[in-house]
Amino acid sequence: MKSLHYAILIIGSLAGAFLCIRITRYALKNILYKYSKSMKEDPTSLWFINSAINFIFISIALFFIASKIPFLSSLGKTLFAGAGVLAAVIGFASQKAFSNIISGVFILLFKPFKIGDTVQIENGMKGEIEEISLRHTSIRNYENLRIIIPNSIISDQLIINSDIEDNRVSKHLFIDISYDSKIDKAVNIIREQALKHPNLIDARTQKEKSENLDQVVVRVVELGSYYIRLRANVWASNTGRAFELHCDLLKSIKEKFEEEGVEIPYPHQVEIHKEAT
């Protein structure tokens, strides 16, 4: 009878833990998350708590089971009484796990990034923060792949966060023209094409507007061996729109250059042959 009682206790405790997990997750996802969106608050804390629910309730259930079953309780006391080596091994093995948890808490507190931010880490990987859990941070890249990075590792990374304060992005657009082409004509084409694009935003200050400075600044930045390099500075509201703006302008400027006779050069060499005297 005791075995049946203990089995019911174990099954009931675990079932209760999983039920609590489901209810709490439902509440966070369908109530608190919607509230945070309507109030325009950061949902990162809610997602972090959501990821900790499994650990919390399962731990409570296991401690409850161990306290109610004499065999497990006495076994636990015996192990704790004479398991110095085992404790050291477990402690060493769990260092990384606790390091990830502590790093996750620090990310939550200091918020170097949050869910929805577009980030780039040291090795060049770039994407959107999708989840911050107790153990890891998940980044969804532009190929819709998930990059899973332990919190202790990402905390030590140099991170470029495009959304931490100001979502606007300044994009440099480099265009080469030949020495035979008219610079002013090329500059006007680049500026006109940029001003027509719907993703372009006006990032000028009030002072710059009052001084009638150009919204799209185009400058000569290099005189190369076979080209003149122009650089246009364009602004978009976020990283994704800046990428679209950049790609679309490369296409439209190239097509307009063809219509207006502005040459985009390619590498070539001039050979000079001298007759022997």
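Model, not experiment: these values are computed from the prediction. (Residues numbered from 1 in each chain as written. Predicted model: local features only at pLDDT ≥ 70, side-chain atom pairs only at ≥ 80, totals over all residues. Heavy atoms only, no water.)

A. Region of the structure containing the layout of surface pockets. When its volume is computed, the second largest pocket comes out at roughly 250 Å³. Every element with two or more residues in the lining of the second largest pocket is listed here: β6 (169-177) and α9 (239-260). It is α9 that contributes the most residues to the lining of the second largest pocket, 5 residues altogether. Of the residues belonging to the lining of the second largest pocket, the class tally is 5 nonpolar, 4 polar and 3 charged. (1 Å grid on protein atoms, 1.4 Å probe; cavity = no way out; pocket = protein on both sides within 12 Å on 5 of 7 lines; lining within 4 Å. Points joined across faces, edges and corners; volume = space filled by probe spheres on them. Helix = DSSP H or I, 4+ residues; strand = E, 2+ residues; numbered from the N terminus. Nonpolar A, V, L, I, M, F, W, Y, C, P; charged D, E, K, R; others polar.)

B. How the structure looks around the environment of asparagine 141. Considering the arrangement of structural elements, one finds asparagine 141 in strand β3 (residues 136-141). In this view, asparagine 141 contacts Lys126, Gly127 and Ile147; residues no more than four positions away in its chain are not counted. (Contact = heavy atoms within 4.5 Å.)

C. Region of the structure containing the sheet that holds strand β7 (residues 217-223). With respect to topology, 3 strands assemble into an open sheet ordered β6-β8-β7, the strand pairing being antiparallel. What marks the edges here is a single partner per strand, and that holds for β6 and β7. Taking each pair of neighbouring strands and ignoring which way they run, the sheet shows an average axis angle of 30°. Bridging between β6 and strand β8 (residues 228-236) involves 9 bridges; their strand directions are antiparallel. When the bridges of β8 are listed, valine 169 appears paired with alanine 236. (Pairing = 2+ DSSP bridges. Axes fitted to C-alpha atoms, helices over the stretch in contact; angles between N-to-C directions.)

D. Molecular detail of the nonpolar core. With 23 residues, the main nonpolar core has Ile190, Leu230 and Phe257 as its most contacted residues. Listed by contribution, the elements that provide at least two residues to this core are β6, α7 (183-196), β8 and α9. Those residues in contact with leucine 230 that lie beyond four places of it in its chain are Leu173, Phe174, Ile175, Ile177, Ile183, Ala186, Val187, Ile190, Val218, Arg219, Val220 and Val221. Within the second largest apolar cluster, 11 residues are counted, among which are Phe113, Ile129, Ile132 and Ile154. (Core = buried A, V, L, I, M, F, W, Y, C linked by side-chain atoms within 4.5 Å. Buried < 20%, exposed > 50% of the residue type's maximum accessible area, 1.4 Å probe, protein only.)

E. Region of interest: the sheet that holds β3. The antiparallel open sheet is built from 5 strands, whose spatial order is β4-β3-β2-β1-β5. Both edges of this open sheet fall to β4 (146-150) and β5 (160-161), since each of them pairs with a single strand only. As judged from the 2 bridges shared by strand β1 (residues 118-120) and β5, these two strands associate in the antiparallel manner. Looking across to β5, one finds that valine 119 is bridged to asparagine 161.

F. Inspection of the packing of α7 against α9 at higher detail. Where α7 contacts α9, the axes come no closer than 10 Å and their chain directions differ by 140°. It follows from the interaxial angle that α7 and α9 lie oblique. Handedness of the crossing formed by α7 with α9: right-handed. Contacts from Lys185, Ala186, Ile189, Ile190, Gln193 and Ala194 of α7 reach α9 at Leu249, Ser252, Ile253, Lys256, Phe257 and Glu260. The class makeup of the residues in the contact of α7 with α9 is 7 nonpolar, 2 polar and 3 charged. (Parallel < 35°, antiparallel > 145°, perpendicular 65-115°, else oblique. Left-handed = near helix turned anticlockwise from the far one by under 90°.)

G. Highlighting the pairing of β8. Side chains of β8 alternate between two faces, with Ile228, Leu230, Ala232, Val234 and Ala236 buried and Arg229, Arg231, Asn233 and Trp235 left unburied. Looking at chain direction, β7 and β8 are connected through 6 bridges and run antiparallel. From the neighbouring strand, arginine 219 faces β8, where its bridge partner is arginine 231.

H. The arrangement of the pattern of salt bridges in detail. Evaluation of the coordinates by the stated rule reveals 13 salt bridges. Between arginine 229 and aspartate 176 there is a salt bridge, with its nearest N and O atoms 2.8 Å apart. Highlighted residues: arginine 229 in strand β8 and aspartate 176 in strand β6, separated in sequence by 53 residues. Arginine 229 sits in the partly exposed class, given a relative accessible area of 25%. Taking the relative accessible area as the measure of exposure, aspartate 176 reaches 19% and is therefore buried. The salt bridge involving aspartate 214 is made with arginine 191; its shortest N-O contact spans 3.3 Å. Remark: arginine 191 occurs in helix α7 and aspartate 214 occurs in the loop between α8 (206-210) and β7; sequence separation between them is 23 residues. Salt bridges sharing partners connect three or more residues here, namely Glu128, Glu130, Arg140 and Arg146. (Salt bridge = Lys/Arg side-chain N within 4 Å of Asp/Glu carboxyl O.)

I. Broad picture of the packing of aromatic side chains. Within the structure shown, the criterion is met by 1 aromatic pair. Plain terms: the ring middles of tyrosine 226 and tyrosine 227 are 4.9 Å apart, the flat faces sit at 75° to each other, and that makes the pair edge-to-face. The class of tyrosine 226 is partly exposed, set by a relative accessible area of 23%. On the basis of relative accessibility, which here comes to 10%, the residue tyrosine 227 falls in the buried class. (Phe/Tyr/Trp six-rings, centres within 6.5 Å; stacked < 30°, edge-to-face > 60°.)

It is worth stressing that arrangement in space is one thing and function is another; only the former is reported here.
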